[in-house]
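# Structural overview
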Amino acid sequence: MRHPWLACSLTALAVITTACAPGATAPTAAAPEAEPGYAASADGALPAGGTLNLQVHVDTGAASGLDPQLADVASSWQVMSLVYETLVTVGPDFTVQPLLAESWETPSPTTYVFKLRDDVVFSNGRRMTADDVVGSLKRLLDSKSVWRGQLGPVKSVTKSGEHGVKITLDTPYTPFLSALANVPAAVLPMKEVRDGSVDPAVKMVGTGPFTVEDHRQDVSWSFRKNAKYWAPGKPALDAVNITVAPEETARIAGLQNGGASLATLGNVDSAGMLAGAANVEVVTQATTDFYYLMLNTKAASSKFADPRVRQAINMAMDRGQIADVAVGGQGKPTGATPAGLPGACDPARLPSATGGPEGAKKLLAAAGVRDLSFTLSIYSTEPAPAVAQVIQQNLQQAGIKVNIEQMDEASWAGKVYGKAPATFDAALSWFAGYADPGMVAKWWNPDVAGFNSGFMKSDKELNELIDAANTVPSGAGRTEALAKVCAKADTDAQMIPLVTRPATIGYRSDALSPSLYATEGYGNALRLIADTRAKAVR
Amino acid sequence: MRRPLDLLSKGGLGCLLALVAFALGSTVDLAGDPDAIVGPRLAPPGPEWWMGTDNLGRSMLPRVMEGVGTTLLLSCTAVLLTAAVSAAFGILAGYRGGYLNEVVLRLVEVLYSFPAIVLAVLVAAVLGPGQFAALASIVLVTIPLMTRLVRAAAVGVSQRDYVTAAVISGARLPRILGRHVLPNVAGTIAVQGTYALSVGISVEGGLSFLGFGVQPPQASLGVLIRQGGSYMIAAPWLIIGPGTVLVVAILAINVFGDGLRDRLEPRETRSLT
Amino acid sequence: MRLALWWSGRALSSAATLLGVSILIFAAVRMMPGGFAETILGPFATPEQKAELAARYGLDQPVFMQYWHWLTAVAGGDLGTSMISREPVSLELLARLPVTAELTILSVAAAILLGVPLGVLTAVRARPDGGAAVGRLLSGLGVSVPEFVLGSLAVFLFSRYALGLSVGGYVPVTVDPAANLRSMVLPAAVLSIFAISATARTTRDAVLGVLVEPYVTAAVARGESPWFIITRHILRNAAAPVVTLTATITAYLLGGALVVEYVFNLPGIGSYVVQAVGRRDYAVVQAGVLLAAAVFIVMNVLVDLMVGTLDPRLGVTAKGRRA
């Protein structure tokens, strides 16, 4: 949810095994066979088998180990999704689709009854039961996982027959299914977890298409096909090998020389740089991830205590230029609801969208502030420094001086999240935007997002607007409620959303036939891994 | 006894002076504001931007000028610091010997035992990345060798007759060290200083390359090369300029250092054939 | 007797140096801003989680006690446990050693096999003419191109144009020796440019120094063949600085060739330690640096020993080092 490199984790590679006939739809440069909702669709006529050699930026690596419920970054979700599955998953265009639950009913707006598949087996051979599902969700709700905050007002989780699970909520909660579709809500083998024979922090046992064969921290993973996987004929691949290659140039080299058949790319210009390379395709996946600026109002001598100062900064920033220059025209301006999600607000209609540097100067004058200067703390992973430098140029137009302080991730995290109240002036980071427009907006409430409470003050009105928007069912009413959230967050301006950032994925067209959604909310490029097929190389 | 500098060394010195002049151009904004976004992204060299533009649409010419300046200034400052510290401790340890000598030698040995770039990364982690960290790293990396060599030279000088004579005539310690020892180890300091300078430039470059050195928007050669490296295919002008300048700078310093050494520490030699 | 005295003195001072390194690295690691808790627990951690983690790794104790525990554990051969991977640091170091060792061996071998003959050749042929200047310029160029420039260039050229060598994609030698060599030649070449040039320069200087010695003059007067003079008189007497340099380069490379590991994505020791710095994985940083320092110190002792054997007159040597 933070860190650029997490966000840029690719797309899902899926293959629609039957639906996709070669040459079915209008060709695009990247993926000639993609159908609506997909950036690429695999060729189901290819024989099963083969190995996927994937190169990514970063490995999992948290004190909570491999426990999926405590995983809080998208790059970890991606790796864990090879092994773990959830009741529901995200389909094309952010729709929610069945996975371990074959169907569900909502007899009332606060009741969900899931009918589980009865053919699902954990990789240790034991059949998945309703107890596993109930136990996993209860474990999650009792944990310190940040994802609790996204699951919403869950009142109870109970068994409903041998193959059913019933979840009741205190109040209606629109993003509920989307929240269930992410890795922290995965189903664990609860019998083994309880008797201690499986410690999820160190060993991954799930129902997913692959099992872990080997892991070397920060170097590599190797996964084998789960022979007991429930979906017939899947996964098509025999093995997935992941190499962790922090340097972008090394991943680009891997794609060019065939060492990688798939790679996640972080540089916004990587597509252009691979344009001439033989047998390399680059696809861009629109994600809901977006950059945001944090203004610390809790420091003892905060320069941003006056909302007019924060609004001036918000107004002086040129989101269009940030999108065009810093992220190479591949991002879009966004409000607190990620641009691109159905029902998200229009950033052009935010209060800060008009005014520009002149408006900002007036606001500062009204607030009696002269010669405003502050330090912007960023981490050095591109394109964060590029975003910061464009902001610096923007604010200069309004007479605001920004000093950029670039740090390694560790120092940055220590400075921004290490102390309460926090001591930084301003900081830049990004959120994964998830699959429902009301989800990430919840982080604007520091009472829910405790990690933000060190620098931002809770705003009762904003909190109520956020909760209200998530109580309304999808439709025009919700869109309106979300627009109010955006506008209020915009004037509050303690966290200022900036631009979205798409994920870039490169693959070898002579080695791989992947399927990738055109959109992704959880930074998971491997969402459709079970369908991806390998081509015989050389 | 002293020979004039040979042609190659003069060439090196000339190159260095030219680079300094080039860098000074940025202090008077000769080519414009290095941080200003002036054109399209990744534009090739043209009449408006002689060295092309970078990934934010900033003109590369003023950025390279600023980069040379930052790198040279940082390295020179660091080397002056190294020279001062090394001279003080090296001379004192070499002249006094005994317990002080042991302590200095041990401390130097401890620093010396750290792999240089790991030492630099640690310094950057402790101090926070930035110019100050780069400066401190260069100093810590170059101090051990210079201190050792100055000490060794000072040991030799301390046994010379004129030092003994000064001691007998009742001269006080600062005077002996300042008037008699220092001038005679100055050659060693100067020669090692030039080598330290080239080490300093590559430490700054390496550190900035890893993201721990000079911070944006300020340019340094390492920062520019780091950035250019990832655009080698799409925009080779981003790395050709700074890369060439960096190599030329280090080469010029090394060649000049060789010449200086031959001049200050001449050595008879002959040809075998 | 004198030798025993020399050895005990040497061992004592080496131990003192290593102790100094251990204090310095321990202090440096504890002085880094951004604690382990924020870093590896992430921004979403609660205070209780942080406290629990601190207790698990003994980080809630006074720093002095932590240092003492660490020192005694290391003395007993336990380098600690990585907070990220939860595995012993020694295992991962051992797994990464082959990469680092292979890079070192290839580069140092190139330096000796190419650098020494080049140095001798340029020295015995030294005449103040254009050729000498070109030689000086070339070897100067070799020590002047930083790894990060050369590495970037090599990655670009060899990944853009299929030139037979592979970039990245490290293959263990046990899996496929040929593929291993293909993936290691390029990074080793990048590292060896400096090593070769530095060795050539040092050899040349040393040989030039020896050429004026009376025994060389005598040998020339006796009419001995140049080959005989070079191998018998010159190389033996010019060896000390070259051996010292080679040892320094070896120690330096064994400490991890950071930039090259990054650029070519090789899982060596340097990137392990530096990544650990970024994640505040204390045990890894401490163990990595301590080990590199130990290698360096042992190497120095070996050099003294070797130089003493080669030329008994030289007991203590001045050492050259690169950054």
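Residues numbered from 1 in each chain as written. Chains lettered and ligands numbered in written order. Predicted model: local features only at pLDDT ≥ 70, side-chain atom pairs only at ≥ 80, totals over all residues. Heavy atoms only, no water.

### Notes on the pairing of strand 5 (residues 101-108) of chain A
All names here are of chain A. Pairing of strand 5 with strand 6 (residues 111-116), which is carried by 5 bridges, proceeds in the antiparallel orientation. If you follow W104 over to strand 6, its bridge partner there is F114. Counting the residues that bridge the hairpin from strand 5 to strand 6 gives 2 residues. (Pairing = 2+ DSSP bridges. Helix = DSSP H or I, 4+ residues; strand = E, 2+ residues; numbered from the N terminus.)

### Considering the state of the cysteines
Summed over the entire model, instances satisfying the criterion amount to 1 disulfide over all chains. C76(B) supplies the cysteine sulfur nearest to C15(B), a cysteine that is in no disulfide, at a spacing of 15 Å. (Disulfide = S-S within 2.5 Å.)

### A closer look at the nonpolar core
Formed by 154 residues in total, the largest nonpolar core has its most connected members in I313(A) and L428(A). A total of 7 residues in this core trace back to one element, the largest contributor, which is helix 12 (residues 384-397) of chain A. Counting residues in each nonpolar core, the second largest holds 144 residues, with A116(B), A120(B), L122(B) and V74(C) among its members. (Core = buried A, V, L, I, M, F, W, Y, C linked by side-chain atoms within 4.5 Å. Buried < 20%, exposed > 50% of the residue type's maximum accessible area, 1.4 Å probe, protein only.)

### Structural notes on the interface of chain C and chain B
Listed by partner, the interface residues are 61 residues for chain C and 52 residues for chain B. For the pair chain C and chain B, the summed buried surface comes to about 4900 Å²; carbon and sulfur atoms form 71% of the total. If you look at where chain C meets chain B, you find 2 salt bridges. Our count for the chain C to chain B interface comes out at 5 residue pairs in polar contact (both at pLDDT 80 or more). Considering each element in turn, the side of chain C that touches chain B owes the most residues, 9 residues, to helix 1 (residues 2-31) of chain C. Considering only residue class, the side of chain C that touches chain B consists of 43 nonpolar, 10 polar and 8 charged. (Contact = heavy atoms within 4.5 Å. Buried area = accessible area lost by both parts, 1.4 Å probe. Salt bridge = Lys/Arg side-chain N within 4 Å of Asp/Glu carboxyl O. Polar contact = N/O pair within 3.5 Å; in protein donor to acceptor, adjacent residues only side chain to side chain. Nonpolar A, V, L, I, M, F, W, Y, C, P; charged D, E, K, R; others polar.)

### Description of the packing of aromatic side chains
Two aromatic rings, taken as a pair, are described by how far apart their centres are and by the angle between their planes. Under the criterion given, the structure shown has 29 aromatic pairs over all chains. A centroid spacing of 5.1 Å and a plane angle of 80° characterise the contact between W6(C) and W7(C), whose relative ring orientation is edge-to-face. Three or more aromatic residues joined by ring pairs make a cluster, and in this case those are W77(A), W147(A), Y379(A), W412(A), Y417(A), Y434(A), W443(A), F451(A) and Y522(A). It is R30(C) that lies over the ring of F26(C); its NZ or CZ is 4.0 Å from the centre. (Phe/Tyr/Trp six-rings, centres within 6.5 Å; stacked < 30°, edge-to-face > 60°. Lys NZ or Arg CZ within 6 Å of the ring centre and 35° of its normal.)

### A word on the packing of helix 2 (residues 60-96) of chain B against helix 3 (residues 98-113) of chain B
Residue and element names in this part refer to chain B. Look at helix 2 against helix 3: their axes get within 7 Å of each other, and the N-to-C directions meet at 140°. As far as their axial angle goes, helix 3 and helix 2 are oblique. Between helix 2 and helix 3 the crossing geometry is left-handed. Facing helix 2, whose interface residues are F89, L92, A93 and R96, helix 3 presents G98, L100, N101 and V104. (Axes fitted to C-alpha atoms, helices over the stretch in contact; angles between N-to-C directions. Parallel < 35°, antiparallel > 145°, perpendicular 65-115°, else oblique. Left-handed = near helix turned anticlockwise from the far one by under 90°.)

### Side note on the environment of G454(A)
Residues and elements named next belong to chain A. Structurally, the position occupied by G454 is in the loop between strand 17 (426-431) and helix 14 (460-471). Of the residues examined, G454 reaches a relative accessible area of 8% and is grouped as buried. G454 sits 383 residues away from A71 along the chain, and the two C-alpha atoms are 21 Å apart. Contacts of G454, omitting those with residues within four sequence positions, involve N296, K298, K419, A420, P421 and A422.

### Digging into the pairing of strand 14 (residues 290-295) of chain A
Residues and elements named next belong to chain A. Across the 6 residues that make up strand 14, a large majority, 6, are buried. Side chains F290, Y292 and M294 project from strand 14 onto one buried face, and the interleaved Y291, L293 and L295 project onto a second face that is buried too. Here strand 14 pairs with strand 17 via 6 bridges, running antiparallel. By the bridge assignment for strand 17, Y292 is matched with S429. Taken together, the 4 bridges between strand 14 and strand 18 (residues 495-500) define a ladder with antiparallel strand orientation. Its bridge partner lying in strand 18, F290 is registered against T500.

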